[in-house]
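Spelled out from the first residue to the last, the chains are:
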Amino acid sequence: MKIFIDTANLDMIREIDSWGILDGVTTNPSLIAKEGTDTPTRVREIAGIVDVPISAEAMSLKAEGMIEEGRTLASIHPNINVKLPMSIDALKATKALSGEGIDVNMTLIFSAHQALLAAKAGARYVSPFVGRLDDIGASGTDVLGQIVNVFLNYGFDTEVIAASIRGPMHVLEAASLGCDIATIPHNVLLQMVSHPKTDEGIQNFIRDYEKSKK
Ligand code: G3P
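Residues numbered from 1 in each chain as written. Predicted model: local features only at pLDDT ≥ 70, side-chain atom pairs only at ≥ 80, totals over all residues. Heavy atoms only, no water.

> Would you mind going over the overall build of the chain with me for this structure?
Looking only at helices and strands, the chain has eleven helices and eight strands in total. Along the first, second and third principal axes, the C-alpha set of the chain runs to 75 × 35 × 30 Å. Split into buried and exposed, the 214 residues of the chain put 48% on the buried side. Once local pairs closer than 6 in sequence are excluded, the contacts in the chain between residues at least 24 apart make up 56%. When the accessible surface of the chain is split by element, carbon and sulfur atoms take 54% of a total near 10,800 Å². Of the charged side chains in the chain, 19 are positive and 27 negative, and the gap between their average positions amounts to 3 Å. (Helix = DSSP H or I, 4+ residues; strand = E, 2+ residues; numbered from the N terminus. Buried < 20%, exposed > 50% of the residue type's maximum accessible area, 1.4 Å probe, protein only. Contact = heavy atoms within 4.5 Å. Areas by Shrake-Rupley, 256 points an atom, 1.4 Å probe, with all protein chains shown as cover. Lys, Arg positive; Asp, Glu negative; His and termini not counted. Charge placed at Lys NZ, Arg CZ, Asp CG, Glu CD.)

Here's what the structure looks like:
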């Protein structure tokens, strides 16, 4: 499974890239706002520090605007793909942009129906929001599994990005389902590294090593 980081913070991107595990970066308007910058500026900066796919979200709600914005965002760097929030206009824009060779990441996906339509329109990625489904008492993992299964049934090239990941268990569930990609916040990546038994084991080895020296 590919690992993307879900952030617009440059230090976090640099740090996770230094681990040797980074396959991509996803941003959204909320993450960009937290950094006090704008999408074109920040995705240009990200493209300058890592050579991986980077999602940049278009804000237009009409197909024509999405297409225009998508072209502008994609022209910033070849690694940039355009995030469009699921809608009829987004489907039309996906058809047009993918026809021009511009990758679309259809975002705010909450059902397999939406994912199927996005894939049919030519989306390169679909981003089901696992955590936000859990938030409303649904099962994000169930929806993720349905999408993976539907895409497998028909051999779609569209890759599934498990998004809105809230903890290591979401990552594990995505990997168990055969999801292509998980886009993971920095704090969850840190949680994935640690285990109390690893910390305890290191302390014990150090203690025994020190004893054996005497
Ligand atoms: O990038 C989209 C998604 O990952 C947002 O997650 O935690 O705001 O639901 P969250």
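There is more to say, and it comes next.
> Which parts of the structure should I look at to understand the pattern of salt bridges?
Within the structure shown, the criterion is met by twelve salt bridges. Where Arg 14 meets Asp 11, a salt bridge forms, and the shortest distance between an N and an O atom there is 3.1 Å. Of this pair, Arg 14 and Asp 11 both sit in helix α1 (residues 10-18), three residues apart, which is roughly one turn of the helix. The class of Arg 14 is partly exposed, set by a relative accessible area of 42%. When the shortest N-O distance is used, the salt bridge between Arg 71 and Glu 100 registers 2.6 Å. Taken together, the residues span a long stretch of sequence, with Arg 71 in helix α4 (residues 63-76) and Glu 100 in the loop between α5 (88-99) and β5 (104-109) at a distance of 29 residues. The structure contains a network of salt bridges with shared partners spanning Lys 2, Asp 103, Arg 124 and Glu 159. (Salt bridge = Lys/Arg side-chain N within 4 Å of Asp/Glu carboxyl O.)

> When you look at the nonpolar core in this model, what are you seeing that I'm missing?
As a rule of thumb, nonpolar side chains are buried together in soluble globular proteins. Within the largest apolar cluster, 55 residues are counted, with the highest numbers of intra-cluster contacts made by Val 25, Leu 84, Met 106, Val 126 and Ile 147. With residues up to four places along the chain from it excluded, the contact list for Leu 84 reads Ala 58, Met 66, Ala 90, Ala 93, Thr 94, Leu 97, Val 104, Asn 105, Met 106 and Thr 107. (Core = buried A, V, L, I, M, F, W, Y, C linked by side-chain atoms within 4.5 Å.)

> Help me out: how do you make sense of the site of the ligand in this one?
Residues in contact with the ligand, as listed here, are Asp 6, Asn 28, Lys 83, Phe 129, Arg 132, Ala 163, Ser 164 and Arg 166. Contacts to the ligand include Asn 28, whose side-chain N or O atom sits 3.1 Å from an oxygen atom. Contacts to the ligand include Arg 132, whose side-chain N or O atom sits 2.6 Å from an oxygen atom. Considered on its own, the ligand offers 310 Å² of accessible surface; in the complex 82% of this is hidden by protein. The residue inventory of the shell around the ligand, partitioned by class, reads two nonpolar, two polar and four charged. (Near = heavy atom within 4 Å. Polar contact = N/O pair within 3.5 Å; in protein donor to acceptor, adjacent residues only side chain to side chain. Nonpolar A, V, L, I, M, F, W, Y, C, P; charged D, E, K, R; others polar.)

> How should I be thinking about the pairing of β5 in this particular structure?
Taken residue by residue, a regular strand's side chains alternate between the two faces of the sheet. Counting buried positions along β5 gives five out of six residues, so the element sits mostly inside the fold. Of the strand pairs in this sheet, β5 and strand β6 (residues 125-128) are connected by three bridges, and their pairing is parallel. Bridge pairing in β6 links Met 106 to Val 126. Regarding topology, helix α6 (residues 112-121) serves as the crossover connection from β5 to the parallel β6, and that connection is right-handed. (Pairing = 2+ DSSP bridges. Right-handed = clockwise from strand over helix to strand, strands pointing away.)

> What is the right way to look at α4 in this model?
With 14 residues, α4 should reach 20 Å at 1.5 Å per residue; the first-to-last C-alpha distance of 20 Å fits that figure. All of the buried residues along α4 are Ala 63, Met 66, Ile 67, Gly 70, Leu 73 and Ala 74. Seen from one end, α4 has its buried residues packed into an arc of 135°, which puts them on one side. The exposed set on the far side of α4, more than 90 degrees from its buried face, consists of Glu 64, Glu 68 and Ser 75. Looking at the packing, one finds that the buried side of α4 touches α3 (39-49), β3 (54-57), β4 (80-85) and α5. (Expected span 1.5 Å × (residues − 1). Arc of directions from axis to C-beta.)

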